[in-house]
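Spelled out from the first residue to the last, the chains are:
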Amino acid sequence: MSANKLRPSSSLQFWILQLVGWTGWVVLLILRDITFVPAEYMLARVGIFSLDALVGMALTTLLRYLYRYVWDMSTQIRVGAVLVGCLVISLMWQPFKDLITGTEVGSSVDLTDYGWVSFIGVLPFSFSLLLVWSVLYFCIKYYQFFQLEKEKFLRSEALAHEAQLRMLRYQLNPHFLFNTLNAISTLVLQHDTETANTMLTKLSKFLRYSLDHDPLDQVDLAHEIGSLKLYLDIEKVRFEERMKIDLNISHEAERALVPSMLLQPLIENSVKHAIARSVDGGLIEINARVVKDRLILEVADDGPGIPDYKAVVERNSTTSGGVGLKNIRNRLREIYGTEHELTFSTREPVGCKVTVIIPYETE
């Protein structure tokens, strides 16, 4: 359940604060009188103060409607509305005070100034009390207004964050799809329909996985490896025995949650630089392990390596590898902030290794 649903409405908040505020005012008067008024008179005074507070609660409700009416007007008009409104309401309050103190029980209580002197001097103490009420009203209203604006800002920021993640995620598939369809087209031209059909079948399963998982989803690594095998099966149709795969996934790492489609661009980069460029093909190693509270993912190959790792990731390349690696970095930054690492290094004796370190989380 959201916080907005749990939060009382604006009207309910007003009445709760009214009840709490005026009850507090009555309690304050009782605490003042309890030190010098005999106990047998206190019950009557409590009733008189409570009745007067009920009248004050009703009259200040009129001020609420006035302040709501002038809320969007200029500051000068709002200040004038406060001063005039408090004066008019204090004058309206006076007949009720006279009526209450005109009774036999109320004659012993002075409701005109409650035993205190108005700081205005020539105006009734009720005017001062209403000014304090008005200041509190505007302070609470401004606080609620700024909280609402803050929620709107955070909501907009969250939507922008979500849109950014979706954009980065959906940029990955078209490049892989382009390469695969090119390969299928070549197979069709070579009349190798059986192989082309195999690739189309595996491609449909892989795309189904992509459609079934939202870009914001996190899946366990075992599930991600399952989808990765579909991708590798497609590439094996292209490269056959030239591509060798070595999977080393620890049991603990299989339970880790990772962003969906995280590894595919890294494997695609190795395929492009290590397998496709070598007549004899090569080896791609995929390792995953947990060290303390961190998940360490490694994708390594025995290709010629990449001399300028930073340029590969940072440039806005039109190649699938450049865009894919850049998007992986951006996705990790969006999801984990500074709680992640993406590094490139040389694999001994030859090749390239990409390491991803993210927080270890499980369902």
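(A) Summary view of the overall build of the protein chain. Check the secondary structure of the protein chain and you find 12 helices and seven strands. A total of 363 residues make up the protein chain; the buried ones form 42% of that total. Residue pairs at least 24 apart in sequence account for 71% of intrachain contacts in the protein chain once pairs closer than 6 positions are excluded. Counting every atom, the protein chain has about 19900 Å² of accessible surface; 62% of that belongs to carbon and sulfur.

(B) Quick look at the nonpolar core. Grouped together as the largest cluster of nonpolar side chains are 46 residues, with contacts concentrated most on I267, L295 and L297. Here the element with the most residues in this core is helix α8 (residues 221–239); it accounts for eight residues. Residue contacts for I267: discarding those within four places in its chain leaves L228, Y231, L232, I284, I286 and V299. If you look at the next biggest cluster of nonpolar residues, it comprises 31 residues, including L63, V82, I100 and F127.

(C) Main features of the sheet that holds strand β7 (residues 352–359). Spatial ordering of the open sheet is given by β2-β4-β5-β7-β6, a layout of five strands whose pairing is mixed. Of all the strands in the sheet, the pair left with one neighbour each is β2 (243–249) and β6 (341–346). Direction aside, the axes of adjacent strands within the sheet are offset by 15° on average. Relative to β7, β6 runs antiparallel, the two sharing six bridges. The partner of E341 across the bridge, within β7, is I357. α8 contacts β2, β4 (282–291) and β5 (294–301) of the sheet and is inclined by roughly 170° relative to β2. Here helix α10 (residues 264–275) sits on the sheet in contact with β2, β4, β5 and β7, set at roughly 150° to β4.

(D) Region of the structure containing unusual backbone geometry. Despite not being glycine, H191 shows a phi value in the positive range, around 65°. Relative to the elements of secondary structure, H191 occurs in the loop between α6 (172–189) and α7 (193–212). Not every positive phi belongs to a glycine, and K292 is a case in point at roughly 55°. Following the sequence through the fold, K292 ends up in the loop between β4 and β5. Under the relative-accessibility criterion, K292 is labelled exposed at 79%.

(E) Spatial organisation of the environment of V291. Position of V291 among the secondary structure elements: in strand β4. Considered as a pair, V291 and Y360 are 69 residues apart in the sequence and their alpha carbons are 8.7 Å apart.

(F) Geometry of the pattern of salt bridges. By the definition in use, this model includes eight salt bridges. A salt bridge links R32 to D33; its shortest N-O distance comes to 2.7 Å. Between R347 and E285 there is a salt bridge whose closest N-O contact spans 2.8 Å. Highlighted residues: R347 in the loop between β6 and β7 and E285 in strand β4, separated in sequence by 62 residues. Bridged by salt links that share partners, the residues R32, D33 and R45 form one connected network.

(G) Examining the packing of helix α2 (residues 10–33) against helix α3 (residues 39–70) more closely. Put simply, α2 and α3 touch, their axes get as near as 9 Å, and they point 145° apart. α3 is crossed by α2, and the crossing has right-handed handedness. Two secondary-structure elements touch here, α2 through S10, S11, F14, W15, Q18, L19, W22, V26, L29, I30, R32 and D33 and α3 through M42, R45, V46, F49, S50, A53, G56, M57, T60, T61 and R64. Across the contact of α2 with α3, the residue classes tally to 12 nonpolar, seven polar and four charged.

The rules behind each value
Residues numbered from 1 in each chain as written. Predicted model: local features only at pLDDT ≥ 70, side-chain atom pairs only at ≥ 80, totals over all residues. Heavy atoms only, no water. Helix = DSSP H or I, 4+ residues; strand = E, 2+ residues; numbered from the N terminus. Buried < 20%, exposed > 50% of the residue type's maximum accessible area, 1.4 Å probe, protein only. Contact = heavy atoms within 4.5 Å. Areas by Shrake-Rupley, 256 points an atom, 1.4 Å probe, with all protein chains shown as cover. Core = buried A, V, L, I, M, F, W, Y, C linked by side-chain atoms within 4.5 Å. Pairing = 2+ DSSP bridges. Axes fitted to C-alpha atoms, helices over the stretch in contact; angles between N-to-C directions. Salt bridge = Lys/Arg side-chain N within 4 Å of Asp/Glu carboxyl O. Left-handed = near helix turned anticlockwise from the far one by under 90°. Nonpolar A, V, L, I, M, F, W, Y, C, P; charged D, E, K, R; others polar.

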